[in-house]
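Chains, contacts and geometry: an overview
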Amino acid sequence: MASISIVVPVLNEAANLRELLPRLAGMLMPDDELWVVDGGSTDDSVLVARQWATGCVRTAPGRARQMNAGAAEARGHWLWFVHADCRPERAHLQALRAVSSDRPWGRFDVQLSGGGCLFRLIAGLINLRSRVSGIATGDQGIFVQRQRFLALGGFADQPLMEDIAFSLRLRKQRWPRCLRPRLQTSSRRWRQHGSWRTIWLMWRLRWRYWRGADPVALHREYYGEL
């Protein structure tokens, strides 16, 4: 049975980790791993991680840098990159273990927390866009065979769109496996900043990235507007 190394990049996510890590730890098989990579938290993220994770790595902030650092420690057949505000279930691990060896990467369908017609619509559009484009984003729980990840050199060390850049490189080799169990992710970004405003900002920044805009400039704009 294929082993799984879960990598969770965090920055001040103690509250989410208190719910996520015990949940994940209770689902792991003996050969699985759970790595938390902290990017300089000032809350109790590291303390919580050390209670539940296989290991806690500390790096400079930056999601790509943090995920690469976790992958460097991992030894599982699969690397599964999970955000702290996701809520995985046992079905997700079972579905990942069943992926055939000729499909070296993929992602899950998502659903947004809180319910409501608008959030169901947003999640449906995210899933549809991913199926049509072959591009996966971090909220969708990207997974990849560790050897394939290492051969590609991991995520590009850029402050935004690292998931899209990684997907583009993988897509050249093989279309992603899109797994049906819906992975719940938090709707806090849309709730805090307005659903339509957030959708417009994200699509605008993606379009500019496709046109060759500098990820550093896009990162400043993204966090300046949210």
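This text goes with the structure placed above it.
Now for a description of the structure that goes with this document. Sequence order as written defines residue numbering, which begins from 1 separately in each chain. Note on the predicted model: pLDDT of at least 70 is required for a residue's local features to be given, and 80 or more for side-chain atom pairs to be given and counted; whole-chain, interface and lining totals, by contrast, use all residues. To get the side-chain values, all heavy atoms of the structure are used, and hydrogens and water are removed first.

**Concerning the sheet that holds strand β8 (residues 177-185)**
We apply this condition: Strands were regarded as paired on the criterion that DSSP finds at least two bridges between them. Helix numbers and strand numbers start at the N terminus; a helix is a DSSP run of H or I with at least 4 residues, a strand a run of E with at least 2.
Read across the open sheet, the 8 strands follow the order β3-β2-β1-β4-β7-β6-β8-β5; overall the sheet is mixed. The sheet terminates laterally at β3 (55-58) and β5 (86-87), the two strands that pair on one side only. Sheet topology note: the strand β1 (residues 4-10)/strand β2 (residues 33-38) ladder contains 6 bridges and is parallel. Bridge assignment links isoleucine 6 to a residue of β2, and that residue is leucine 34.

**Some details on the environment of threonine 42**
The condition that has to hold: Per-residue accessibility, obtained with a 1.4 Å probe over protein chains only, is compared with the maximum for each type, and a residue is labelled buried under 20%, exposed over 50%, and partly exposed between these values.
Mapped onto the secondary structure, threonine 42 falls in the loop between β2 and α2 (45-52). Exposure remark for threonine 42: the relative accessible area of 74% places this residue in the exposed category.

**Observations regarding unusual backbone geometry**
Phi at asparagine 12 takes a positive value of approximately 55°, unusual for a residue other than glycine. Accessibility expressed as a relative area gives 38% for asparagine 12, which makes it partly exposed.

**Some points on the packing of helix α1 (residues 14-25) against α2**
Test applied: Working convention: axes come from line fits to C-alpha atoms, limited for helices to the stretch in contact. Angles between N-to-C directions cover 0 to 180 degrees. Angles below 35 degrees are treated as roughly parallel, those above 145 as roughly antiparallel, those between 65 and 115 as roughly perpendicular, and all remaining angles as oblique. Working rule for contacts: check all heavy atoms of both residues, and any pair within 4.5 Å makes them a contact.
With their axes 9 Å apart at the nearest point, α1 and α2 run at an angle of 10° to one another. The angle between the axes of α1 and α2 places the two elements in the roughly parallel class. Packed against α1, whose contacting residues are Ala14, Leu17, Arg18, Leu21, Pro22 and Ala25, the element α2 presents Ser45, Val48, Ala49 and Trp52 at the interface.

**Section: the nonpolar core**
Using the following cut-off: Each nonpolar core is a collection of buried residues, namely Ala, Val, Leu, Ile, Met, Phe, Trp, Tyr and Cys, held together in the definition by side-chain atoms within 4.5 Å.
Counting residues in hydrophobic clusters, the biggest one holds 27 residues, and the most contacted among them are Ile6, Val8 and Trp80. Excluding residues that lie within four positions of it along the chain, isoleucine 6 makes contacts with Leu24, Leu28, Glu33, Leu34, Trp35, Trp80, Val82 and Leu93.

**Some details on the environment of alanine 71**
Along the chain, alanine 71 falls in helix α3 (residues 63-73). Classification of alanine 71 by relative accessible area gives buried; the value is 2%. Residue contacts for alanine 71: discarding those within four places in its chain leaves Val7, Leu79, Phe81 and Phe149.

**Quick word on the packing of helix α5 (residues 117-133) against helix α9 (residues 195-210)**
Note the following rule: Each crossing gets its handedness from the near helix: less than a right angle anticlockwise from the far helix is left-handed, clockwise is right-handed. Under the convention adopted here, Pro, Cys and the residues Ala, Val, Leu, Ile, Met, Phe, Trp and Tyr are nonpolar, Asp, Glu, Lys and Arg are charged, and Gly plus all remaining residues are polar.
At their nearest, the axes of α5 and α9 sit 11 Å apart, and the two run at 15° to each other. By the angle between their directions, the pair α5 and α9 is classed as roughly parallel. Relative to α9, α5 is oriented so that their crossing is right-handed. Along the contact surface, α5 presents Leu118, Phe119, Ile122 and Arg129, while α9 presents Ser195, Trp196, Ile199, Trp203 and Arg206. Of the residues assigned to the contact of α5 with α9, the class counts are 6 nonpolar, 1 polar and 2 charged.

**A word on the packing of aromatic side chains**
Where we set the bar: Only Phe, Tyr and Trp rings take part, Trp by its six-membered ring, and two of them pair if their centres are within 6.5 Å. Stacked means planes under 30 degrees apart, edge-to-face means over 60, and tilted covers everything else.
This model, assessed by the stated rule, comprises 9 aromatic pairs. Ring geometry for phenylalanine 149 versus phenylalanine 166: centroids 5.5 Å apart, planes at 65°, classification edge-to-face. You can see phenylalanine 149 sitting in helix α6 (residues 146-152) and its partner phenylalanine 166 sitting in helix α7 (residues 162-171), a full 17 residues away along the chain. With respect to burial, phenylalanine 149 and phenylalanine 166 carry one shared label: buried.

**Side note on the pairing of β1**
With respect to burial, β1 is a largely interior element, 7 of its 7 residues being buried. The side-chain alternation of β1 yields two buried faces, one formed by Ile4, Ile6, Val8 and Val10 and the other by Ser5, Val7 and Pro9. Across 4 bridges, β1 lies against strand β4 (residues 78-81) in parallel orientation. Each bridged residue has a counterpart across the sheet, and for valine 7 the counterpart in β4 is phenylalanine 81.

**Structural notes on the pattern of salt bridges**
Close approach of charged atoms lets side chains of opposite charge pair. Note the cut-off: Salt bridges are counted wherever a side-chain nitrogen of Lys or Arg sits within 4 Å of a carboxyl oxygen of Asp or Glu.
Applying the stated rule across the entire model yields 14 salt bridges. Here arginine 87 makes a salt bridge to glutamate 19, at a shortest N to O gap of 3.1 Å. Of this pair, arginine 87 sits in strand β5 while glutamate 19 sits in helix α1; the two residues are 68 residues apart in sequence, bridging distant segments of the chain. Owing to a relative accessible area of 41%, glutamate 19 belongs among the partly exposed residues under this scheme. A salt bridge links glutamate 221 to arginine 204; the shortest N-O distance between them is 2.4 Å.

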